[in-house]
Amino acid sequence: MKHYERLLDMGCFTRDELCALTGNYNTAGTVLKNYIKKGYVMQVKRNLYVAVNLADHQPVVSKQRIAGRITPTSYVSHHAAFEYCGCANQVSYQVEVSSETPFATFSFDGYTFMYIASRIKEGVITRPDGVRVTDMERTVIDGIHDFEKIAGLEELLRCIELIPSVREDKLLSYLQAYGKQILYQKTGYILRHFQRALNLSDAFFDECAGRIGKSTRYLTGNGESSYNSEWRLMVPADLMKLTSKGVSYNANL
């Protein structure tokens, strides 16, 4: 157990990092083989390992910490970011991981680490516990962009209603980084229902409305829809029945 205490401090590590600790590549390989066999270490995926707490035989770092070590650019995003911040309605065994470097989606310790290509670079922070994760505003915009692929509309709305506050300047910054008219439409429409709860100004919605263009699009491809003239969207007629706190407004303003 010569190197075990140091590996506990490292938490998650690569073979190269272990090599730097042992001073020899072959020695690192031998240590890995022995420690995995004895249950001191678990292999997360190819060239990524995690130290194990011998008291409970569980990884010593969280799934979120692991997510941030999958690639040099990986970070927790989407519903997993809502969950990390305590704003998820449902606990999920899928961890959404955005990265500039592709990796194959894989499972470890009962969780599926799902690769999502990073679309923008802004809004990624490192928390005091070492977790790399999108900030709340980036998480909201990502969630709106991808809700049909991840978690679904109902879960997204329930996550948003658990958010204590957001900064509208950051929301606009991430919308600009995405540069998609339909995302302005969807964001304006969805967040309008939470305007009072999130303390968003009319100016925020004016900015979104000024960038939606003239095309009519669908919020979601599921269910019956009605036309919302403010956002030029075909939207579910009973959207806010999916939440408990969302404030409805006249869909035909």
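Residues numbered from 1 in each chain as written. Predicted model: local features only at pLDDT ≥ 70, side-chain atom pairs only at ≥ 80, totals over all residues. Heavy atoms only, no water.

Some remarks on the sheet that holds strand β11 (residues 217-218)
Spelled out, the test is: Two strands pair under a simple rule: DSSP has to find at least two bridges between them. Numbering of helices and strands starts at the N terminus; helices are DSSP runs of H or I of at least 4 residues and strands are runs of E of at least 2.
Taken in spatial order, the three strands make up an open sheet running β11-β13-β12, and their pairing is mixed. Bordering the open sheet on either side are β11 and β12 (225-228), each of which pairs with just one other strand. The pairing of β12 with strand β13 (residues 233-236) spans four bridges and is antiparallel. The residue of β13 that forms the bridge with Ser225 is Pro236.

Things to note about the nonpolar core
For the record, the criterion: Side-chain atoms within 4.5 Å are what join buried Ala, Val, Leu, Ile, Met, Phe, Trp, Tyr and Cys residues into a set we call a nonpolar core. Partly exposed describes any residue whose relative accessible area lies between the buried limit of under 20% and the exposed limit of over 50%, with all areas from a 1.4 Å probe on protein chains only and scaled to the type maximum. Any two residues whose heavy atoms approach within 4.5 Å are treated as being in contact.
Ile163, Ile190, Leu191 and Leu219 are the most contacted members of the largest nonpolar core, which totals 36 residues. Elements supplying a minimum of two residues to this core: α6 (136-146), α7 (153-160), α8 (168-178), α9 (181-192), α11 (202-209) and β13. Apart from residues no more than four positions distant in its own chain, Leu191 is found in contact with Val140, Ile144, Ile160, Leu171, Leu198, Leu200, Phe204 and Phe205.

Observations concerning the state of the cysteines
The cut-off we apply is this: Throughout, a disulfide means two cysteine sulfur atoms within 2.5 Å of one another.
Throughout the structure, instances matching the rule amount to zero disulfides. Cysteine Cys19 shares no disulfide, and the gap to the nearest cysteine sulfur, in Cys12, comes to 18 Å. Judged by relative accessible area, which is 18%, Cys19 ranks as buried. Just so you know, Cys85 is unpaired, no disulfide at all, and the nearest cysteine sulfur is the one on Cys87, 6.2 Å from it.

Some words on empty space enclosed by the protein
The condition is simple: Think of a 1 Å grid over the protein atoms and nothing else: a 1.4 Å probe that fits but is trapped marks a cavity, an open set flanked by protein within 12 Å on at least five of seven lines marks a pocket, and residues with an atom within 4 Å of a point count as lining. Grid points are joined across faces, edges and corners, and a volume is the space filled by probe spheres set on the points. Residues are sorted three ways: Asp, Glu, Lys and Arg are charged, Ala, Val, Leu, Ile, Met, Phe, Trp, Tyr, Cys and Pro are nonpolar, and all the rest, Gly among them, are polar.
For the structure shown, the criterion picks out one cavity of 30 Å³ or more. The calculated volume of the largest cavity comes to roughly 80 Å³. Forming the walls of the largest cavity are 13 residues, and the residues nearest its centre are Phe82, Gly143, Ile150, Ala151 and Leu156. Of all the elements in the fold, those that place two or more residues in the lining of the largest cavity are α5 (78-84), α6 and α7. Here the residues of the lining of the largest cavity sort into six nonpolar, four polar and three charged.

Comments concerning the confidence of the model for the protein
Heads up, the condition is: Per-residue confidence from the prediction method is given by pLDDT, with values spanning 0 to 100.
Mean pLDDT over the protein: 91, with 94% of residues reaching 70 or higher. Every residue in residues 245-253 is under pLDDT 50, and counting partners more than four places away or in other chains gives 21 contacts.

Side note on the packing of α8 against α11
Filter applied, for reference: A fitted line through C-alpha atoms represents every axis, and for helices the fit uses only the stretch in contact; the resulting angles, taken between N-to-C directions, go from 0 to 180 degrees. Oblique is the label for any angle not covered by the other classes, which are roughly parallel (under 35 degrees), roughly antiparallel (over 145) and roughly perpendicular (65 to 115).
Across the interface, α8 lies against α11 with an axial gap of 10 Å and an inter-helix angle of 10°. The angle between α8 and α11 falls in the class roughly parallel. For the pair α8 and α11, contact is made by Glu168, Leu171, Leu172 and Leu175 and by Phe204, Glu207 and Cys208, respectively. A breakdown of the residues in the contact of α8 with α11 according to their chemical character gives five nonpolar, no polar and two charged.

Quick notes on unusual backbone geometry
The residue Asn47 is not glycine, and still its phi comes out positive at about 60°. The phi torsion at Asn199 lies on the positive side, around 55°, for a residue other than glycine. Judged by its relative accessible area of 68%, Asn199 falls in the exposed class.

Details of the environment of Ser201
This is how it is decided: Here a polar contact is recorded for every N or O atom pair within 3.5 Å, except that within protein the pair must consist of a potential hydrogen donor and a potential acceptor, and residues adjacent in sequence are included only if both atoms are side-chain atoms.
Secondary-structure assignment places Ser201 in the loop between α10 (195-198) and α11. We classify Ser201 as partly exposed; its relative accessible area is 26%. Sequence separation of Ser201 and Gly221 is 20 residues, and the distance between their C-alpha atoms is 29 Å. If we skip the residues at most four places from it in the chain, Ser201 touches Glu168 and Gln195. A polar contact of 2.7 Å, which involves the side chain of Ser201, links it to the side chain of Glu168.

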